[in-house]
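Okay, here's what each chain looks like letter by letter:
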Amino acid sequence: MDDILQQQLQERLAQHSFRSLRQTGNLVDFCSNDYLGLARSGAMHEAVHALLQDRPHWQGSTGSRLLAGNYAWIEEVEQDLAVFHQAAAGLIFNSGYDANLGFFSTVPQRGDTIVYDQLIHASIRDGVRLSRAQSFSFRHNDLGDLREKIERAAGRVFVAVESVYSMDGDVAPLAAMAAMCRELNALLVVDEAHATGVLGGKGEGLVQHLGLQDQCYARVHTFGKAVGCHGAVVLGSKVLRDYLVNFCRAFIYTTALPPASIAAIQAAYSLFPYMPEARQQLRELVAYFRAGAAGLQLIESDTPIQAVVTKGNEYTRTVAAACQSAGLDVRAILHPTVPKGEERLRIVLHSYNTKTEIDQLLRVLKQ
C-alpha cells in the first residue's frame with residue numbers, strides 16, 4: 001500500500017504541489033487568520049484565565065454531548081451567541097469544518113437541491129457530497145447564474161454561500177441573494193467564517209451588518225479566524241437546533257468541546273465587539289497595501305485577505321520562498337487548491353501589522 005501512496009506523492013512532487021507541515025518561526029505574520037490578534041493577545045489570555053478561575057470545578061471533555069459531555073456552561077454560551085448574532089438558537093460544533101459538514105450532510109433531504117457557489121469552502125463541498133440531496137454549483141457571485149440554477153432545481157432549494165471567500169477575499173452580494181431567495185422561496189445558508197469579528201460595527205458579520213439575519217435559514221460562525229480560538233456555531237431556529245442534535249452525525253458522534261475551549265470562545269466574544277480601533281486599523285492597512293500594489297495582479301477585495309495572482313505552482317513557490325527569506329510569512333496557494341492558472345500568494349493583513357512591514361512585503365513582491 002505504501003508503494004501506491006508513494007507513487008501519488010511523487011506525482012505531487014513533479015507537479016510542484018507537494019504539501020508539508022512547517023512551523024511559522026519568528027517571521028512577520030502575513031499568513032494566519034488571526035485578523036485582530038486575539039490568538040496572541042494578553043487580554044485574551046487573561047480573560048480565559050479569569051473565566052476558568054471563576055469555575056474551579058471544571059473538567060475535561062467526558063464524552064459526546066448526548067452522553068456525559070453536556071454541561072451548563074456550553075449551553076449558556078450557545079444562548080449568548082444566539083443573542084449576539086440575533087438568532088433564535090445556536091448549536092456549538094467542534095470546528096467550522098464539522099459545522100458545515102454536519103449541516104449540509106444532515107438538513108437537506110432526498111429530493112431537495114443544494115445550489116452552491118463554485119468557490120465554496122471544502123467543508124461545505126464535503127457535506128454536500130454526503131447529503132442525499134442533489135446539488136450543483138453556480139458561477140462565483142453570479143446572480144444571473146444563481147437565478148437560473150434555483151429556477152430549475154427540484155424540492156426545497158438550499159443556497160450555500162460564504163460572506164467572505166477565504167481564497168479570494170471578495171464579498172458575496174448578500175442583499176441581492178437574500179432578495180432572490182425570498183422571491184424564489186429558496187433557503188439561504190451563509191458561512192461567516194472570515195467575516196466574524198471583522199465586518200460590522202461590533203464584528204458581528206456581514207449578514208447582521210446588512211440587516212439580513214431574518215432572511216437566512218442558517219448561518220455558520222467559526223471561531224478559528226478573528227475570534228482567535230476554536231469551534232463554530234450553527235445559528236437558526238430552535239427546530240433546526242433540535243434536528244441537528246437528533247440527526248447530525250458530526251455532532252452526535254464526537255466528543256464535546258472541553259470547558260477550556262468554551263472559556264476561550266466566551267472570552268473572545270467579551271473582547272472583539274469592543275475593538276473598533278483594530279477593525280479601523282485593518283481597513284486602513286488594506287487600503288495602504290492595495291494602493292502600493294500597483295503593477296501586481298490582485299483579486300478585487302476590500303477585506304484583510306489579499307490575493308496576488310502569480311500563476312504556476314513552481315513560480316508561486318519561488319515568490320513565496322523569497323518572502324520567507326526576507327522574514328515575511330507569506331504562503332503559496334497552489335493547484336489543486338485553486339484552479340490551474342489561478343495560483344496565488346494569499347496575503348493576510350492583521351491589525352498588528354505595520355506599514356513598514358507592508359512596504360517591505362511590497363518590495364519583495366515587485367522584485
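Higher on the page you've got the structure.
Residues numbered from 1 in each chain as written. Predicted model: local features only at pLDDT ≥ 70, side-chain atom pairs only at ≥ 80, totals over all residues. Heavy atoms only, no water.

Right, let's talk about the packing of aromatic side chains for a bit. Counted according to the given criterion, the structure contains ten aromatic pairs. On the basis of an interplanar angle of 75 degrees and a centroid distance of 6.3 Å, the ring pair of Phe158 and Tyr217 is categorised as edge-to-face. One end of the pair, Phe158, is in strand β5 (residues 157-162); the other, Tyr217, is in the loop between α8 (206-209) and β7 (218-222), with 59 residues separating them in the sequence. An aromatic cluster is defined as three or more aromatic residues linked by ring pairs; in this entry it consists of Phe84, Phe223, Tyr269 and Phe272. Positioned above the aromatic ring of Tyr352, the side-chain terminus of Arg40 is 3.9 Å from the ring centre. Across the ring face of Trp73, the terminal group of Arg55 is positioned such that the distance to the ring centre comes to 4.1 Å. (Phe/Tyr/Trp six-rings, centres within 6.5 Å; stacked < 30°, edge-to-face > 60°. Helix = DSSP H or I, 4+ residues; strand = E, 2+ residues; numbered from the N terminus. Lys NZ or Arg CZ within 6 Å of the ring centre and 35° of its normal.)

Of note, Asp168 is situated in the loop between β5 and α7 (174-184). The class of Asp168 is buried, set by a relative accessible area of 12%. A distance of 2.9 Å separates a polar atom in the side chain of Asp168 from a polar atom in the side chain of Arg344. With residues near it in sequence (within four places) discarded, Asp168 still touches Leu119, Ile299, Glu300, Ser301, Ile305, Ala307 and Arg344. (Buried < 20%, exposed > 50% of the residue type's maximum accessible area, 1.4 Å probe, protein only. Polar contact = N/O pair within 3.5 Å; in protein donor to acceptor, adjacent residues only side chain to side chain. Contact = heavy atoms within 4.5 Å.)

Glancing now at helix α5 (residues 122-130). Listed in full, the buried residues belonging to α5 are Ser123, Ile124, Gly127 and Val128. Projected onto a plane normal to the axis of α5, the buried residues spread over an arc of 140 degrees and lie on a single side. For α5, the exposed residues lying more than 90 degrees away from the buried face are Arg129 and Leu130. Against α4 (96-106), β3 (113-117), β4 (134-138), β5 and β6 (187-191) lie the buried residues of α5. (Arc of directions from axis to C-beta.)

To continue, consider the sheet that holds β3. If you walk across this open sheet you meet the seven strands as β2-β8-β7-β6-β5-β3-β4, and the pairing is mixed. Each end of this open sheet is capped by a strand with a single partner; those strands are β2 (89-93) and β4. Between one strand and the next, the sheet's axes are offset by a mean angle of 20 degrees, whatever the strand orientation. By the bridge criterion, five bridges tie β5 to β6 in an arrangement that is parallel. Looking across to β6, one finds that Ala160 is bridged to Val189. (Pairing = 2+ DSSP bridges. Axes fitted to C-alpha atoms, helices over the stretch in contact; angles between N-to-C directions.)

The strand order across the open sheet built from three strands is β9-β12-β11, with neighbouring strands paired in antiparallel fashion. The sheet is open, and its two borders are formed by β9 (305-309) and β11 (331-333), each paired with just one other strand. Neighbour-to-neighbour, the strand axes of the sheet open up by a mean angle of 35 degrees, direction not taken into account. Note: β9 against strand β12 (residues 344-348), five bridges, orientation antiparallel. Pairing of Ala307 across the sheet is with Arg346, part of β12. Together, β11 and β12 form the strand contacts of helix α13 (residues 313-325), whose direction differs from that of β11 by roughly 165 degrees.

Grouped together as the largest cluster of nonpolar side chains are 107 residues, with contacts concentrated most on Phe289, Ile347 and Leu365. Counting residues per element, this core draws most heavily on helix α11 (residues 259-271), at seven residues. The residues touching Phe289, leaving out its near neighbours within four places in the chain, are Leu298, Gln306, Val308, Ile347, Leu349, Ile358, Leu361, Leu362 and Leu365. (Core = buried A, V, L, I, M, F, W, Y, C linked by side-chain atoms within 4.5 Å.)

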